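For reference, the chains in residue letters:
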2 protein chains.
Amino acid sequence: MRNPAEILIVEDDAPIRKFLRASLSAEDYRVHEAMTASEGMAQWLARQPDLVLLDLGLPDQDGFTVIRQIRQTALTPIIVLSARGREKDKVEALDLGADDFVAKPFAIGELLARIRALLRRAARIREGVDGATFRATEIEVDLAGRVVRVRGEEVHLTPIEFRLLQALVRHAGKVVTHRQLLVDVWGPQHSEQAQYLRVYMGQLRRKLERDSARPRFLITEPGVGYRLVEG
Amino acid sequence: MRNPAEILIVEDDAPIRKFLRASLSAEDYRVHEAMTASEGMAQWLARQPDLVLLDLGLPDQDGFTVIRQIRQTALTPIIVLSARGREKDKVEALDLGADDFVAKPFAIGELLARIRALLRRAARIREGVDGATFRATEIEVDLAGRVVRVRGEEVHLTPIEFRLLQALVRHAGKVVTHRQLLVDVWGPQHSEQAQYLRVYMGQLRRKLERDSARPRFLITEPGVGYRLVEG
DNA sequence: CCGTACCTTAACGAAATCTTTACACCGGCG
DNA sequence: CGCCGGTGTAAAGATTTCGTTAAGGTACGG
């Protein structure tokens, strides 16, 4: 990441765009702007920004196209801005690979916090810290080496089992939604196949838990998702 | 927020306006005044105050219009002043996005306390402390991780319980109307099912409060809604 | 061609959650 | 005093979501 980070704003509403530019410049980000989806794509190609702020309600095409196109070639963090209450938009945008969602009207402080968080995460991934090792009392996961040990014993996991565990480890201690897990492990087109999760969580528990009927690490959050607790 | 904070008073009654100006100036706030709704909007645009005190009984238009217009573009805290007994006005103003209400005649000390609370909260949001986790003395809510801790202990919440708590946390300190909570958690088609709220507020209190019969965080505002107070 | 490992899919009992109903409580008011 | 609206509590279904198992199906190496 360059320092300062470069941020691309794709937003047709002039006052909001101006406001964003001012707020971001004040935080020492370098700002690029686009008013339409196609101009946004052009700017993205030209500038290769570190993060994209994307309004969904654009004049020429919808913002979803922009997400799709960017995600075809890059993992640049994308924050979607959209009118409040468009729950469907939110789900669709996140399914297409957007990283976060902020409803308008928004509090600028919150938006800045989310930008910082995503830039931090992107930096971590670039530095390969993601390939480190996760340790809990009884479970040890070597993400780079693809090795899992339980109470000292090495345990063999199938590819999908490992990807699933990896997705949980990345957010250790936090709830990961069904949708997130499915998109991460099986891809966006399987984001509704919650049955996969039931089967594979069962298999992971059989391999990792002492008593798979009373799991201590792989916790179910009914109606929401799963969570890996440390310790 | 500038220091001192700037407060806009929109109030047609001269004695009250004068009294407010004196009280607020004594607290070192910078005060702007307007006597009508349209003048209020003009002042708001010109001054971009940190907080608005709004009387609902204005001569030219009603105060509701002012709330609507401000909320189209900003989250500036709004405290509504309303004559006693106008319960419906109060609820409508809050539904439109007002943050708090004070009935006339009011105790100046209480009004000042609510102003301080809203300014504090607005400052925190600007600094981006919100968005991720909410902290009160005994309760900690990790919104991203969907984890709730009470006095250190992790507490499990069902999906609806969590969404309800989340809706309260998002507006921590301010009154949230029955309608807003119902729309947020159950959707627009259930905006009249106030019984849901009684059942689930009861469950939240049982899980979060020391003594659910004497709640300290989840406060009932009879006839209006509920309020989460930060310990 | 066969065996092995793995993935997908369906079926069904169990568990958790949500909805609905019933009733007690409280304060104000005729 | 009884009535009433708004509120809080408890519990019985109804409904949704989970976990488990097992039966194909596919890919790959020997």
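Only a predicted model underlies this, so the values are computations on that prediction, with no experimental measurement involved.

In terms of helices and strands, chain A carries eight helices and 12 strands. Considered along the principal axes of its C-alpha atoms, chain A spans approximately 60 × 35 × 30 Å. Taken over 231 residues, chain A has a buried fraction of 45%. For chain A, long-range pairs separated by at least 24 residues make up 55% of all intrachain contacts whose partners lie at least 6 apart in sequence. Carbon and sulfur atoms make up 49% of the accessible area of chain A, which amounts to about 11,500 Å² in all. Counting 35 positive and 33 negative side-chain charges, chain A places the centres of these two groups 3 Å from one another.

All names here are of chain A. Counting buried positions over the five residues of strand β1 (residues 6–10) gives five, a clear majority of the element. Examined bridge by bridge, β1 and strand β2 (residues 30–34) share five bridges and lie parallel to one another. Within β2, the position partnered with I7 by the bridge is V31. Regarding topology, helix α1 (residues 14–26) serves as the crossover connection from β1 to the parallel β2, and that connection is right-handed.

Quick look at the protein's contact with DNA strand C now. The full set close to DNA strand C counts 19 residues, and H156(A), T158(A), Y196(A), H156(B) and T158(B) are the nearest of them. Within the side chain of Q195(B), a nitrogen or oxygen atom sits 3.2 Å from a base oxygen of DNA strand C. Where the surface near DNA strand C is concerned, the elements lending two or more residues are α6 (159–170) and α8 (194–208) of chain A together with α6 (159–170) and α8 (194–208) of chain B. Tallied by class, residues from the surface near DNA strand C come to 13 nonpolar, six polar and no charged.

It is worth spelling out the pattern of salt bridges at this point. Tallying each qualifying case throughout the model produces 43 salt bridges over all chains. Between R210(B) and E138(B) there is a salt bridge whose closest N-O contact spans 3.3 Å. Of the two residues, R210(B) is situated in the loop between α8 and β11 (218–221) and E138(B) in the loop between β6 (133–135) and β7 (139–142); the sequence distance between them amounts to 72 residues. The network of salt bridges with common partners includes E221(A), R227(A), R135(B), E140(B), R146(B), R149(B) and E154(B).

A word on the interface of chain B and chain A. With 14 residues of chain B at the interface, the matching set in chain A holds 16 residues. Together, the buried faces of chain B and chain A total about 1,200 Å²; carbon and sulfur atoms form 60% of this surface. For the pair chain B and chain A, the interface holds three salt bridges. Here R227(A) makes a salt bridge to E154(B), at a shortest N to O gap of 2.9 Å. Our count for the contact surface shared by chain B and chain A stands at three residue pairs in polar contact (both at pLDDT 80 or more).

Position of S82(A) relative to the elements: it lies in strand β4 (residues 78–83). Look past the residues within four positions of S82(A) in its chain and what remains in contact with it is L56(A), D89(A), F101(A), V102(A), A103(A) and K104(A).

Those residues of helix α3 (residues 63–73) of chain B that sit buried are G63(B), F64(B), T65(B), V66(B), I67(B), I70(B) and R71(B). Against α2 (37–47), β3 (51–55), β4 (78–83) and α4 (87–95) of chain B lie the buried residues of α3(B).

Let's shift gears to the layout of surface pockets. Residues and elements named next belong to chain B. Quantified by volume, the second largest pocket comes out at close to 230 Å³. In this structure, the second largest pocket is lined by 15 residues; those nearest its centre are A117, L118, R120, G173 and E230. Elements with a minimum of two residues in the lining of the second largest pocket: α5 (108–126) and β12 (225–228). With seven residues, the top contributor of residues to the lining of the second largest pocket is α5. The residue makeup of the lining of the second largest pocket, split by class, is six nonpolar, one polar and eight charged.

Residues in contact with DNA strand D amount to 20 residues; listed here are only the nearest, R205(A), T220(A), Y226(A), T220(B) and G223(B). A share of 57% of the atoms of DNA strand D within 4 Å of the protein falls on sugar and phosphate groups. Here Q195(B) contributes a side-chain N or O atom positioned 2.9 Å from a base oxygen of DNA strand D. Contacts to DNA strand D include T220(B), whose side-chain N or O atom sits 2.5 Å from a phosphate oxygen. Counting residues per element, the ones that place at least two in the surface near DNA strand D are α8 of chain A together with α8 of chain B.

Turning to the sheet that holds strand β2 (residues 30–34) of chain B, a few remarks are in order. Two pairing modes exist for strands in a sheet, parallel and antiparallel, and in both the strands are linked by backbone hydrogen bonds. Residue and element names in this part refer to chain B. The sheet built from five strands is open, its strands ordered β2-β1-β3-β4-β5 with parallel pairing. Of all the strands in the sheet, just β2 and β5 (100–104) have a single pairing partner and so form its edges. Strand after strand, the sheet turns through a mean of 20 degrees between neighbouring axes, direction not considered. The strands touched by α3 are β3 and β4; relative to β3, the strand with the most contacts, the crossing angle is about 155 degrees.

So, about the packing of α6(B) against helix α7 (residues 178–186) of chain B. Residue and element names in this part refer to chain B. Where α6 contacts α7, the axes come no closer than 9 Å and their chain directions differ by 130 degrees. In this view, α6 runs oblique relative to α7, as classed from their interaxial angle. Classified by chirality, the crossing of α7 by α6 is right-handed. Taking contact as the criterion, the partners of I160, R163, L164, A167, L168 and R170 in α6 are, on α7, L181, D184, V185 and W186. Across the contact of α6 with α7, the residue classes tally to seven nonpolar, no polar and three charged.

Attention now moves to the packing of aromatic side chains. Residue and element names in this part refer to chain A. Scanning all chains against the criterion turns up five aromatic pairs over all chains. Ring geometry for W186 against Y196: centres 5.1 Å apart, planes inclined by 40 degrees, an arrangement best described as tilted. Here Y196 lies in helix α8 and W186 lies in helix α7 (residues 178–186), a separation of 10 residues in the sequence. Judged by its relative accessible area of 15%, W186 is buried. Y196 gets classed as partly exposed once you look at its relative accessible area, which sits at 30%.

Procedures and definitions
- Residues numbered from 1 in each chain as written.
- Chains lettered and ligands numbered in written order.
- Predicted model: local features only at pLDDT ≥ 70, side-chain atom pairs only at ≥ 80, totals over all residues.
- Heavy atoms only, no water.
- Helix = DSSP H or I, 4+ residues; strand = E, 2+ residues; numbered from the N terminus.
- Buried < 20%, exposed > 50% of the residue type's maximum accessible area, 1.4 Å probe, protein only.
- Contact = heavy atoms within 4.5 Å.
- Areas by Shrake-Rupley, 256 points an atom, 1.4 Å probe, with all protein chains shown as cover.
- Lys, Arg positive; Asp, Glu negative; His and termini not counted.
- Charge placed at Lys NZ, Arg CZ, Asp CG, Glu CD.
- Pairing = 2+ DSSP bridges.
- Right-handed = clockwise from strand over helix to strand, strands pointing away.
- Near = heavy atom within 4 Å.
- Polar contact = N/O pair within 3.5 Å; in protein donor to acceptor, adjacent residues only side chain to side chain.
- Nonpolar A, V, L, I, M, F, W, Y, C, P; charged D, E, K, R; others polar.
- Salt bridge = Lys/Arg side-chain N within 4 Å of Asp/Glu carboxyl O.
- Buried area = accessible area lost by both parts, 1.4 Å probe.
- 1 Å grid on protein atoms, 1.4 Å probe; cavity = no way out; pocket = protein on both sides within 12 Å on 5 of 7 lines; lining within 4 Å.
- Points joined across faces, edges and corners; volume = space filled by probe spheres on them.
- Axes fitted to C-alpha atoms, helices over the stretch in contact; angles between N-to-C directions.
- Parallel < 35°, antiparallel > 145°, perpendicular 65-115°, else oblique.
- Left-handed = near helix turned anticlockwise from the far one by under 90°.
- Phe/Tyr/Trp six-rings, centres within 6.5 Å; stacked < 30°, edge-to-face > 60°.

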